[in-house]
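Report on the structure
For reference, the chains in residue letters:
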Amino acid sequence: VKPQGLININLAECQIGAGGATAVAKALKEIKPQGLTHFSMAKNPIGLDGTKAVVGAIKETKVPLTDLNLSGIGMGDDGATAVAEALRDLKGMGELGLNENKISDSGATAIAEALTAAKPEGLRTLDLGPKYRPTEDTNTIGDRGAIALAE
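Reading guide: rules and limits
Residues numbered from 1 in each chain as written. Predicted model: local features only at pLDDT ≥ 70, side-chain atom pairs only at ≥ 80, totals over all residues. Heavy atoms only, no water. 1 Å grid on protein atoms, 1.4 Å probe; cavity = no way out; pocket = protein on both sides within 12 Å on 5 of 7 lines; lining within 4 Å. Points joined across faces, edges and corners; volume = space filled by probe spheres on them. Helix = DSSP H or I, 4+ residues; strand = E, 2+ residues; numbered from the N terminus. Nonpolar A, V, L, I, M, F, W, Y, C, P; charged D, E, K, R; others polar. Salt bridge = Lys/Arg side-chain N within 4 Å of Asp/Glu carboxyl O. Buried < 20%, exposed > 50% of the residue type's maximum accessible area, 1.4 Å probe, protein only. Pairing = 2+ DSSP bridges. Axes fitted to C-alpha atoms, helices over the stretch in contact; angles between N-to-C directions. Expected span 1.5 Å × (residues − 1). Contact = heavy atoms within 4.5 Å.

Description of the layout of surface pockets
Considering only enclosed or pocket space, the largest pocket measures out at about 210 Å³ in volume. Forming the boundary of the largest pocket are 17 residues, of which Asp 67, Leu 68, Asn 69, Glu 95 and Gly 97 lie nearest the centre. Breaking the lining of the largest pocket down by element, the ones donating at least two residues are strand 1 (8-10), strand 2 (38-40), strand 3 (67-69), strand 4 (95-97) and strand 5 (125-127). Residue classes in the lining of the largest pocket are distributed as 4 nonpolar, 9 polar and 4 charged.

Here is the structure:
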């Protein structure tokens, strides 16, 4: 079944792991929802493997996302780099949520470089900070990452 007109997928806080994220990625590749503008898997323990699967599917299917929320999924810097690769093709990105992912300067620099290359005209929100108070998953972006994002 190909859902016609699918514009929003919200799977936040569902306890989906890497295996579930890989299944979602496979489904995205199969249905190629060309109207998909909003996607969230926030607060699911999908880790690096799940992150790579999901953002790989987003990149491959060329969905026109404007809002992507992958906050609190345990991606780390390698996951941020994978997200950055997909961002290069997402010219219409308006909101990007990546907080609480243990992203440091190198991950922030990869995101900054991708945003510079993509030049998303409508970017309204880039969320890399802690949601409430710092936790063990809080991003640790320092001066180098902040400078890259500012440039």
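Structural notes on the pattern of salt bridges
Scanning the entire structure with this criterion turns up 7 salt bridges. Between Glu 60 and Lys 29 there is a salt bridge whose closest N-O contact spans 3.6 Å. Taken together, the residues span a long stretch of sequence, with Glu 60 in helix 2 (residues 47-61) and Lys 29 in helix 1 (residues 18-31) at a distance of 31 residues. In this structure Glu 60 comes out as exposed when scored by relative accessible area, which is 52%. Salt bridges sharing partners connect three or more residues here, namely Asp 67, Glu 95 and Arg 124.

What about the sheet that holds strand 5?
With respect to topology, 5 strands assemble into an open sheet ordered 1-2-3-4-5, the strand pairing being parallel. Where the open sheet ends on each side, the last strands, each with one partner, are strand 1 and strand 5. Shown here is a sheet whose adjacent strand axes are inclined to one another by a mean of 5°, direction ignored. Judged from the 3 bridges that link them, strand 1 and strand 2 form a sheet pairing that is parallel. Note on strand 2: the bridge partner recorded for Asn 10 is Ser 40.

Examining helix 2
Three- or four-residue spacings in an α-helix give side chains the same orientation, since the helix completes a turn every 3.6 residues. Over its 15 residues, helix 2 extends 21 Å from the first C-alpha to the last, a length consistent with the 21 Å expected when each residue adds 1.5 Å. Every buried residue of helix 2 is accounted for by Gly 47, Gly 50, Thr 51, Ala 53, Val 54, Val 55, Ala 57, Ile 58 and Thr 61. Against the buried residues of helix 2 lie helix 1, strand 2, strand 3 and helix 3 (76-87). Positive backbone phi, at 55°, marks Lys 62, one or two positions downstream of helix 2.

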